[in-house]
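Architecture at a glance
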Amino acid sequence: MFRIFSSFFKTLVWDKSSFKFALGVWLGLSFSIAVILSTIGLMDGFVSAMRTGLKQSSGDLSFYSRGGFFQMEPKTLDSLKEMGIEEMTASIETQAFVVHNETSKGISIKGVDALSFKKVTSKELGLEPDSVVVGDELASSLGIGVGDEIVLVLAKGNKELQGLPLLKRFRVSGVVDHGIYQKDLRYVYMNRSELAQMLGVGSKVNLYAFNLPKEREPTNKEQRPAAIDRLRFEVEDTLGIDFRVKPYWYDFSSLLEAVEIEKLTIGLILQVIVVISIFNVLSFVTFLNERKSREIFLFQALGMSASRLRKTWLSLVLCLWVISCAFSLAFVELFDFALGNLSVLQLPGDVYYLGTLSLSLDRGDYLLVFSGALVWLVLIVAFALYRMNKKSVLHGLRKEFA
Amino acid sequence: MSLVEVQSVKKSFGDFVALNSLSLELEEKQQYAILGASGSGKSTLLYLIGGLDKPNSGKIIVDGKILNKMSDENLAKYRNQYVGFVFQFHFLLPSMNCMKNILLPAEIGGHKVSAVEKRAKDIAEHLGVTHCLKKFPFQLSGGEQQRINIIRALSLRPKLLLCDEPTGNLDSENSNKVTHLLKDLAGEFDSTLAVVTHDALVAKAFENQFVLKDGELVNSLTGSAAPPIPPFLG
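Residues numbered from 1 in each chain as written. Chains lettered and ligands numbered in written order. Predicted model: local features only at pLDDT ≥ 70, side-chain atom pairs only at ≥ 80, totals over all residues. Heavy atoms only, no water.

**A word on helix α4 (residues 113-127) of chain B**
Residue and element names in this part refer to chain B. Applicable threshold: Each helix is a run of H or I in the DSSP string that is no shorter than four residues. Each strand is a run of E no shorter than two, and both are numbered from the N terminus. How far a helix is expected to stretch is found by multiplying one less than its residue total by 1.5 Å. Classification of residues uses two cut-offs on accessible area relative to the type maximum, computed with a 1.4 Å probe and protein chains only: under 20% is buried, over 50% is exposed, and between them is partly exposed. Here, the arc refers to the directions that run from the helix axis to the C-beta atoms.
Compared with the 21 Å implied by 1.5 Å per residue over 15 residues, the 21 Å span of α4 between its first and last C-alpha is a close match. Taken as a whole, α4 has its buried residues at Val113, Val116, Ala120, Ile123, Ala124 and Leu127. Buried residues along α4 cover an arc of 105° about the axis, so they all sit on one side. Facing away from the buried surface of α4 by more than 90 degrees, the exposed residues are Lys118, Glu125 and His126. Phi turns positive, to about 75°, at Gly128, one or two residues after α4.

Listed below in structure tokens is the structure:
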């Protein structure tokens, strides 16, 4: 069977023009599949990079009091421990201005306890006394680096001169990258105790962050957001109405949902590209059927049945599909590489929140795109082959010598 | 004993009637020339006997089997195992060498290729084209190509050897050689030979002749009598 298939294939694409046509059709199909894969991968990559970036510096869940600063009661802490939440990090978040030379910017100051913060977020800040760590976009927009000095301007806290802001000079001890443009542009970290002292809030904080306990980690990574959501509601029940618990993606949840819907919609629209390239396959099949009618007639005259001819055609088209799928993977890899390495493909961070992206595709995405292309291919080409094979065996011969 | 019976066969292509209630018989192991001008229906008759097309009405019975009633699959098997075709334009695939061209029917029919290959080499030696087997068709002369075509037709020892203008592209010397070659080989392989031709000189080499005109059988000659040359061919 393979020998016949190989002979048939060689016969069809033996001449240069047929070969070039085949090459074009193959590249066209590969490229269309790659376009869909890349688009889906780009959107999944966006969601994945967004989630990863959002999780950095915040933990899986965080809660705050509707009443502002608060102090956790030991009883509540015990209840949370009973739920498996052992590690938590308390922080103070407030708005401020940073001033350097003659430039100032509105920022979000996070007063953290470096040790517990690292345990929850895995982020090593390297905070020292009277120092701050700034986001890398902020550092670059202010033109500052490690060792430089900046001034923080806090709206509250000037006890001597009530109503006037508090200004304090800090040394930059580190520059941190979150992977999210907005965070990198706004976040400034400092020791919680120093910030508490400046704000005069004592041992009170306004935010607690923690991770999903290990025993609640689902085996499938995809189910993690659902597990986090479940814990969120449990914690909300424990803390009561005065507290609000939010997952790390909370602030961007509508954007992430929109991306999911967009992914589906664009995936469907892009099917048109596949259909167009499958019409190319169809025209290729029709072209060969006409151009090689004498050769096809010979195969039939020598004993190939119409149904076997149809199967051989279909196998040929399926081979084209397999090779196109394989080649589309190479296109996707190439695009992924370009995305990560070519500056022309870097995203404008102020629009997309993310500086760089990489494609994120799972088995389901590949299966969906490849099988979608296959369904279109089989539907369109099988119908065409059925119509073509209704002609008599002699059709090719008569046409050739007419 | 009749190997092929053509009974009141009609075949038309659109408005054009290629065969009109044609009936004839081909005896087993006999050799026939089917003579006629262009458009007389001789090639159509050959292809109907060869199972490449089906008549609009009438019957074609080969070895007791009605071709019209055969399924597509069985008709394909019939073409592969029962019939050997020799075409005017040689019909050798340019993408493969001559030996592969010869082995094509065996590959299509799923026959043991090694046995067919040995037979092909023997015939090639007999026809003096052994040196052509590894060459591609475009490297051969017209006569050599036609010999390869004949080897392919005989490769599966067909009961029925059907030739459509096998000498149409050859000069008179080669034409004569190929005609006698076909006759000799068909005799050697015990095949029934039917040669379609418009050339009265080719037809002259056959004891049995059918003359077709406008899709009808106008003359049927059997035995050793030398046939007259019909006026439309002269």
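**Observations concerning the nonpolar core**
Residues and elements named next belong to chain A. Keep this limit in mind: Residues belong to one nonpolar core when they are buried, are Ala, Val, Leu, Ile, Met, Phe, Trp, Tyr or Cys, and are joined through side-chain atoms within 4.5 Å. Residue ranges for the domains originate in an automatic or database domain assignment. By definition, residues are in contact when any of their heavy atoms lie within 4.5 Å.
The biggest cluster of nonpolar side chains holds 141 residues, and the ones touching the most others in it are Phe63 and Trp313. A per-element tally of this core places helix α2 (residues 16-55) first, with 13 residues. When residues of this core are assigned to domains, at least three map to each of domain 1 (2-51 + 258-401) and domain 2 (59-249). Those residues in contact with Phe63 that lie beyond four places of it in its chain are Phe70, Met72, Leu80, Met88, Asn206, Leu207, Tyr208, Phe210, Leu239, Phe243, Arg244 and Val245.

**A closer look at the packing of helix α1 (residues 2-12) of chain A against helix α11 (residues 306-341) of chain A**
The description of two packed helices rests on the angle between their axes and on the distance between the axes. Residue and element names in this part refer to chain A. Our working rule: Axis definition: a line fit to C-alpha positions, over the contact stretch in the case of helices; interaxial angles, taken between N-to-C directions, run 0 to 180 degrees. For classification, angles of less than 35 degrees are called roughly parallel, those exceeding 145 degrees roughly antiparallel, those between 65 and 115 degrees roughly perpendicular, and all remaining angles oblique. Residues are grouped as follows: Ala, Val, Leu, Ile, Met, Phe, Trp, Tyr, Cys and Pro are nonpolar; Asp, Glu, Lys and Arg are charged; all remaining types, including Gly, are polar.
Remark: α1 packs on α11, axes separated minimally by 10 Å, with the N-to-C direction vectors making an angle of 75°. Classified by the interaxial angle, the pair formed by α1 and α11 is roughly perpendicular. Every residue of α11 that contacts α1 at Ile4, Phe5, Phe8, Phe9 and Leu12 is listed here: Arg308, Leu309, Thr312, Trp313, Ser315, Leu316 and Cys319. Its residues assigned to classes, the contact of α1 with α11 shows 9 nonpolar, 2 polar and 1 charged.

**Re the interface of chain A and chain B**
The cut-off we apply is this: The term buried area denotes the loss of accessible surface (1.4 Å probe radius) that occurs when two parts are joined, taken as the sum for both partners. What counts as a salt bridge is simple: a side-chain nitrogen of Lys or Arg found within 4 Å of a carboxyl oxygen of Asp or Glu. Side-chain atoms alone can form a polar contact between residues adjacent in sequence; in general such a contact is a pair of N or O atoms within 3.5 Å, and within protein one must be able to donate a hydrogen while the other accepts it.
Of the residues lining the interface, 26 residues belong to chain A; the matching set on chain B comes to 26 residues. Overall, the association of chain A and chain B removes approximately 2500 Å² of surface from exposure, summing both partners, and the carbon and sulfur fraction of that is 66%. Where chain A touches chain B, the interface holds 0 salt bridges. Along the contact surface separating chain A from chain B lie 9 residue pairs in polar contact (both at pLDDT 80 or more).

**A look at the pattern of salt bridges**
According to the stated counting rule, one finds 19 salt bridges over all chains in the structure shown. Here Lys121(B) makes a salt bridge to Glu117(B), at a shortest N to O gap of 3.9 Å. On the criterion of helical spacing, the pair formed by Lys121(B) and Glu117(B) is a turn pair, its members being 4 residues apart in helix α4. Accessibility expressed as a relative area gives 26% for Glu117(B), which makes it partly exposed. Counted as one network, the salt bridges with shared partners bring together Asp15(A), Arg291(A) and Lys292(A).

**Concerning the confidence of the model for chain A**
Test applied: In predicted models, pLDDT denotes the confidence assigned by the predictor to each residue on a 0 to 100 scale.
In this model, chain A carries a mean pLDDT of 84, and residues with pLDDT of at least 70 account for 91%. Of all helices and strands in chain A, the one with the weakest mean pLDDT is helix α12 (residues 349-352) of chain A (54), whereas strand β7 (residues 187-191) of chain A scores best (94).

**Considering empty space enclosed by the protein**
Residue and element names in this part refer to chain B. Put simply, the rule is: Put plainly, a pocket is an open set of points on a 1 Å grid over the protein atoms alone with protein on both sides within 12 Å along at least five of seven lines, a cavity is a set where a 1.4 Å probe fits but cannot get out, and a lining residue has an atom within 4 Å of a point. Grid points are joined across faces, edges and corners, and a volume is the space filled by probe spheres set on the points.
Applying the stated criterion across every chain yields a total of 5 cavities of 30 Å³ or more. Size it by volume and the second largest cavity reaches roughly 110 Å³. Lining the second largest cavity are 15 residues, with Val83, Gly84, Pro105, Arg152 and Ala153 positioned closest to its centre. Elements that contribute at least two residues to the lining of the second largest cavity include exactly α2 (72-81), β6 (83-86) and α5 (142-154). Grouping the amino acids of the lining of the second largest cavity by side-chain chemistry returns 9 nonpolar, 4 polar and 2 charged.

**Considerations on the pairing of β6(B)**
Residues and elements named next belong to chain B. Filter applied, for reference: Any two strands between which DSSP finds at least two bridges are classified as paired.
On β6, burial covers both faces: Val83 and Phe85 on one face and Gly84 and Val86 on the other are all buried. As judged from the 4 bridges shared by β6 and strand β7 (residues 160-164), these two strands associate in the parallel manner. Opposite Phe85, over in β7, you have Leu162 as the bridge partner.

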